[in-house]
Protein chains: 2
Amino acid sequence: MTQQNTAPHGSNIGIDGQALWADLMETARFGGTPKGGVRRLTLTAEDRQVRDWFARTCEALGCTVTFDSMGNQFARRPGLDNSLPPITIGSHLDTQPTGGKYDGILGVLGGLSVLRALERSGYVTRHPIEVINWTNEEGSRFTPPMMCSGVFTGVFTEQEVLDKRDRAGKRFGDELEAIGYRGSEPCGQHPVTAYFELHIEQGPILEAEGKTIGIVTGVQGARWYEVTVKGKDAHAGSTPMPMRHDALLASARMIEAVSQVACAHAPTAVGTVGLIENRPNSNNVVPGEVFFTIDMRDPDDAVVRQMEEELYSQLPEIARRSNVEMEIVRIWDAPAVHFDPECIGMVEAAATESGYGARRIVSGPGHDAAYMARVTPTTMIFVPCADGLSHNEAESITEQDAAAGAGVLLKAILKADAAFNAG
Amino acid sequence: MTQQNTAPHGSNIGIDGQALWADLMETARFGGTPKGGVRRLTLTAEDRQVRDWFARTCEALGCTVTFDSMGNQFARRPGLDNSLPPITIGSHLDTQPTGGKYDGILGVLGGLSVLRALERSGYVTRHPIEVINWTNEEGSRFTPPMMCSGVFTGVFTEQEVLDKRDRAGKRFGDELEAIGYRGSEPCGQHPVTAYFELHIEQGPILEAEGKTIGIVTGVQGARWYEVTVKGKDAHAGSTPMPMRHDALLASARMIEAVSQVACAHAPTAVGTVGLIENRPNSNNVVPGEVFFTIDMRDPDDAVVRQMEEELYSQLPEIARRSNVEMEIVRIWDAPAVHFDPECIGMVEAAATESGYGARRIVSGPGHDAAYMARVTPTTMIFVPCADGLSHNEAESITEQDAAAGAGVLLKAILKADAAFNAG
C-alpha cells in the first residue's frame, strides 16, 4: 500500500471472480436456510457473525474497520491523500426473513472484491476507499427500511431509530449494544466524496434483454395508497344482481383501472394492487367490505402526480357506478431520486470499456443509495437476477455476472478517484 | 278435538300473532347472545332445551310428540281420519353460530301457531297435522346442511350422518344420544301427505317491493366452482407492466366476467365471487397466485348450464390475455327444485284471500323443503326480513309479517286438508 500507482485508472487491476463467489457462499452460511436462502435479520446473532467476518476479512487486507453510533461499518483502505474524503462503496449484509444470498450482500462483498483487487495489485488510489455495510436496510425486523443510511443522511434522527421496537418489543438501541456494534463515531459525521452501490436488479429487464450491466440513473418516485370499499353483505343466492352492493366486484373494477392508469403512461410507469382483504370472505355471501393497497411508480414525479389525479377521479366514479362507498388515502410518498450524471457516466464508460451489454435503467425498489444521493454524488450498478426474483430463498445470480458487476464497480471507482477533487 | 268441523276450510280460525311472537322471543332465550342473536348449534345443550320446550308446548295443546332415529321431532295433532298420512309443516330450531331469532324458527313456531289456532277453535282436520323440527338444518356444527331432512328423504344414509364429526372430533351419533334425542322410529319411515314450510326470505325482494308474502315456486339450481389462477410473484417497483403475470389483475377481470355472465341472464340469474385469497398478499409484490370461488344460480337448470359454458369459455380466454394459468373445478351441483303446483296454488289463494301483497318467488338458499319436495307435494311461504339479512344476529322481521305468514300457512294447510286424499 505504499507503492505508487503503476497504471493510470488501474487498467491492469482485475476482480478475482472466484474469490468474490467464495465470499458470497461463505457469508450465506450465517443464517443459511435448508432451502438455500438466508435468514439474517438485523442486529441478531447471525448479523453479528457476518459483521465480525466482514471486519476480519477487510482487516486481513490491511484495512481499518470502524463502526459508527448506528452500527454502520466502514472498511477503509488508505489512499495517497488521506485528507480527501473517501470514495465509498456500500450496501447491506442483513436479509429478509426468507431472503437470498445476494440482495445487499453482493454490494458489500463486491466492494470487498475491489479492496482485494487493489491490494493484490499494490495499487494505491488518491482517495481513501471505503466499503460500507449499512445497518438495517431491509426494515423487516425494525421498520422502516434503509434505516441507518437514513440516519447517516439526516432523513431520520438517531434517537427515533434507537427507540424503535421489533414485534417482540425489543428496542433497536439495546439490540445494537447487545451485538457490540454501537460505535462512538456519531452517525453522519463522516464526509464522503462519492458513493457507488452494486446490487441485483430485483426485476426481469436485464435478463429479458440479455444485458449484463444496468447503469442505474435513479430510483422511481413512488406513492402508496390504501383503499377501503364498503358495500353490503348479502346472500349470494337470494340477492338479485341489480340490488347488490358488491364490494369485491367494485374492487375488481378498480384493480383493472389501476392497471390501465399505469399502462397509459407506458413504458416506465407501474401500478400494482398487491394486497387485498375481502370480508366476510365466504363463498355464498356477496362481499360487504374490501381493503386493498395501490403502489404507483414512475421515474418522473410529474407522472406519479398525474396518475394519482387519474386514480382520484376514476376510482370514486367506479364506486358510484357499482353502488358502493369508497375511501382512498395516500400513505407514502417517495419522490423520484436522480443519480449524479458524472457518476452515471463513469459506470457507463466502465461497462463499455469492459465490453459488457449494458442499458440505462431506473430502480424500482429503494436502496441505501437513494438516501446517499441526498448528500454526495451517487449511482448504482445492477446485475441480472434469475426470473427477477428477490426477497426469496430462490434468489439466483451467476458467478460471471457477479464478477462483471464488481469489475464495472472497480473501473468506476478508479474513474471517480481520478475525477473527483482533481483540483 | 272430538268436535266436528264447524266451518269448511276453517274460515273462522285465526292465528294468535301475539302468542307466536311471544314464542319467538321465548325460544330466543335458549342460546341467546348479548347482541340479540341466537347461538344454538345442533345437538348442544341449547338445542336440547329448545326441543324440550317445543315438545312440552305442543303436548300442552294436546299433541303427541315423537322423534325418529335422527332426532327429527314430530308434534302430531290427530285428525278425523288418522289412517291418512299427515299434512306436515316443518323447519328447524338450530341456528348459525351467530344466528338470529327467525331463520328456521319461524317455520316451526308458525306451525305451532297453526296447531294452537286449530286447538283454540276446536277445529278438527281430516288429516292429522304434524309440525316437524328437523335436526341440523344449518350444517355449521356438522356439515352438510339439511342433514336430517336429507336422511328422511333418502339423500344421505343414516349411518353416514351418525358417523359425521364436528371440528372438536365429537361424533354426531354420540351427541344425538347425549341430548336424549336418538329415537326408535327409523328415520324416513313416516309417510306424509304434503309438506309446507314458512321461512324468512333471506333476501331483499319482498321488502323492496313492499310485499308481505312470497309464494315460493322452487329453489334455484346452483353450481359452485373453485378457481386457481397462477401467475408469478414479482417486485411491484421493478417489473414493467407488459412483463407481469399478475394473478390478481387476471382474477379481477374474471370477477367482472362472472358478474356479466349472470347479468346477461337477467333478471333471475345470479353470479357471485364471495371468497378470494391472494398470495403473497404484500403491498409491493405483484400477486403470483389467487384462489377464488364462484357461485352461479338460476331457477332454470338450463340457464345454469349455459352460464357454466360461458364461464368455461371466457375465463380461460381472460387468463390467456392476462399471461397467467388458470384452473376451474366445479365443486357442487344442486339442480333446481320445482315445488308442487297444487301446493303453490293453495298458498297463492290463501295470500289472495287474506288480502296480502304477494308475489311468486324462487328461493336462493336451500331449505329442508328442497329435500321434502323429492318425496311429497311441497311448497314454502316467505315473509320479508329487514335488509334481506340472515345468518346474522341482527336478523329482523315484524310481528305483523310473522303473523301474516302463519295466517297464510294456516289457510294453505286447511286447503291441503280439504284437497288431498279427497277421492
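Residue positions within a chain follow its written sequence, with the count starting from 1. Here chains are named by letter from A upward and ligands by number from 1 upward, in the order in which they appear as written. Per-residue local features are limited, in this predicted model, to residues with pLDDT of at least 70; the limit for side-chain atom pairs, both in listing and counting, is 80 or more; totals at the level of whole chains, interfaces and linings are taken over all residues. By convention in this description, side-chain values take in all heavy atoms of the structure and omit both hydrogens and water.

*Asks:* Help me understand the overall build of chain A, please; the structure alone is not making it clear to me.
*Replies:* Elements are defined by DSSP. Helices are runs of H or I of four residues or more, strands are runs of E of two residues or more, and each kind is numbered from the N terminus. A tally of helices and strands in chain A yields twelve helices and 16 strands. By the compact-globule yardstick of 22 Å for 423 residues, chain A fits well, its C-alpha radius of gyration being 24 Å. Each residue is placed in one exposure class: buried if its accessible area under a 1.4 Å probe, protein chains only, is under 20% of its type's maximum, exposed if it is over 50%, and partly exposed if it falls in between. Residue burial in chain A is summarised as follows: out of 423 residues, 62% are buried. Looking at chain A alone, contacts between residues at least 24 apart form 80% of all its contacts between residues at least 6 apart. Here the accessible surface of atoms and residues is derived via Shrake-Rupley with a 1.4 Å probe, and residues count as covered only by protein chains that are part of the display. Roughly 15300 Å² of accessible area belongs to chain A as shown, and the carbon and sulfur atoms make up 48% of that amount. The size measure is the radius of gyration over C-alpha atoms, and the globule rule it meets is 2.2 Å times the number of residues to the 0.38 power. By the convention used here, residues are in contact when the closest approach between their heavy atoms is within 4.5 Å.

*Asks:* I keep staring at the interface of chain A and chain B and nothing clicks. Help me out?
*Replies:* Taken together, the contacts link 50 residues of chain A with 50 residues of chain B. Once two parts are put together, the accessible area they lose, assessed with a 1.4 Å probe and summed over both, is termed the buried area. Both faces combined, the contact of chain A with chain B buries some 4200 Å², and carbon together with sulfur accounts for 61% of it. Considering only the surface of chain A that becomes buried against chain B, His-235, Met-241 and Asn-283 of chain A emerge as the three largest contributors, covering 14% of it. By definition, a salt bridge exists where a carboxyl oxygen of Asp or Glu is found within 4 Å of a side-chain nitrogen of Lys or Arg. If you look at where chain A meets chain B, you find four salt bridges. Residue Lys-232 of chain A is joined to Asp-387 of chain B by a salt bridge in which the shortest nitrogen-to-oxygen separation is 3.4 Å. Here a polar contact is recorded for every N or O atom pair within 3.5 Å, except that within protein the pair must consist of a potential hydrogen donor and a potential acceptor, and residues adjacent in sequence are included only if both atoms are side-chain atoms. For the interface between chain A and chain B, the tally reads 16 residue pairs in polar contact (both at pLDDT 80 or more). If you list the elements that add at least two residues to the side of chain A that touches chain B, you get helix 7 (205-209), helix 8 (247-263), strand 9 (270-272), strand 10 (276-279), strand 11 (285-286) and strand 12 (289-298) of chain A. Here the side of chain A that touches chain B gets nine residues from one element, more than from any other, and that element is helix 8 of chain A.

*Asks:* Would you mind showing me how to read the UniProt feature "binding site: Zn(2+) 2" (unreviewed entry) in chain A here?
*Replies:* Residue and element names in this part refer to chain A. UniProt positions are given in the numbering used here, feature names are shortened, and annotations may be inferred rather than shown by experiment. Mapped onto the present numbering, the UniProt feature "binding site: Zn(2+) 2" (unreviewed entry) falls on Asp-103, Glu-138 and His-391. Taking the farthest pair of C-alpha atoms as the criterion, the annotated set spanning 289 residues converges on one region, since that pair is 9.6 Å apart. Examined against the element boundaries, Asp-103 turns out to sit in the loop between strand 3 (87-91) and helix 3 (105-121). The class for Asp-103 is buried, based on a relative accessible area of 5%. Those residues in contact with Asp-103 that sit more than four places away from it in its chain are His-92, Asp-94, Glu-138, His-199, Ile-200, Gln-202, His-391 and Glu-395.

*Asks:* How should the relation of the copies chain A and chain B be read in this particular structure?
*Replies:* Two chain copies, one operation linking them: a rotation about an axis together with a shift along it. Of the transformation placing chain A onto chain B, the axial shift is 0.1 Å and the rotation is 180°, giving an RMSD of 0.2 Å. Here the two chains are linked by the operation of a two-fold rotation axis. Nearest to the rotation axis, the C-alpha of Ala-252 of chain A is located 2.1 Å from it, this being the minimum over chain A. In this assembly, 98% of the residues forming the interface of chain A have copies in chain B that are likewise at the interface, indicating an isologous arrangement. In superposing the copies, a least-squares fit is computed on C-alpha atoms, taking residues whose pLDDT is at least 70 in both.

*Asks:* Got a minute to help me understand the environment of Glu-130 of chain B in this structure?
*Replies:* Residue and element names in this part refer to chain B. Checked against the element boundaries, Glu-130 lands in strand 4 (residues 129-133). A relative accessible area of 1% means that Glu-130 is categorised as buried. The spatial distance from the C-alpha of Glu-130 to the C-alpha of Val-65 is 9.2 Å, given a sequence separation of 65 residues. Among residues more than four places away in sequence, those in contact with Glu-130 are Phe-74, Ala-75, Arg-76, Pro-86, Ile-87, Thr-88, Ile-89 and His-190. A polar side-chain atom of Glu-130 sits 2.8 Å from a polar atom in the side chain of Arg-76. Polar contacts involving the side chain of Glu-130 include one to the side chain of His-190, which spans 2.7 Å.

*Asks:* What should I look at first to understand the pairing of strand 6 (residues 213-219) of chain B in this one?
*Replies:* Successive residues of a regular strand alternate their side chains across the two faces of the sheet. Residues and elements named next belong to chain B. In terms of residue burial, strand 6 counts as a mostly covered element, since six of its seven residues are buried. Note that strand 6 and strand 15 (residues 358-363) share six bridges and pair parallel. Bridge pairing in strand 15 places Val-216 opposite Ile-361. Two strands make a pair as long as DSSP finds a minimum of two bridges between them. Pairing between strand 6 and strand 16 (residues 378-383): three bridges, direction antiparallel. When the sheet's bridge partners are listed, Gly-214 is paired in strand 16 with Phe-382.

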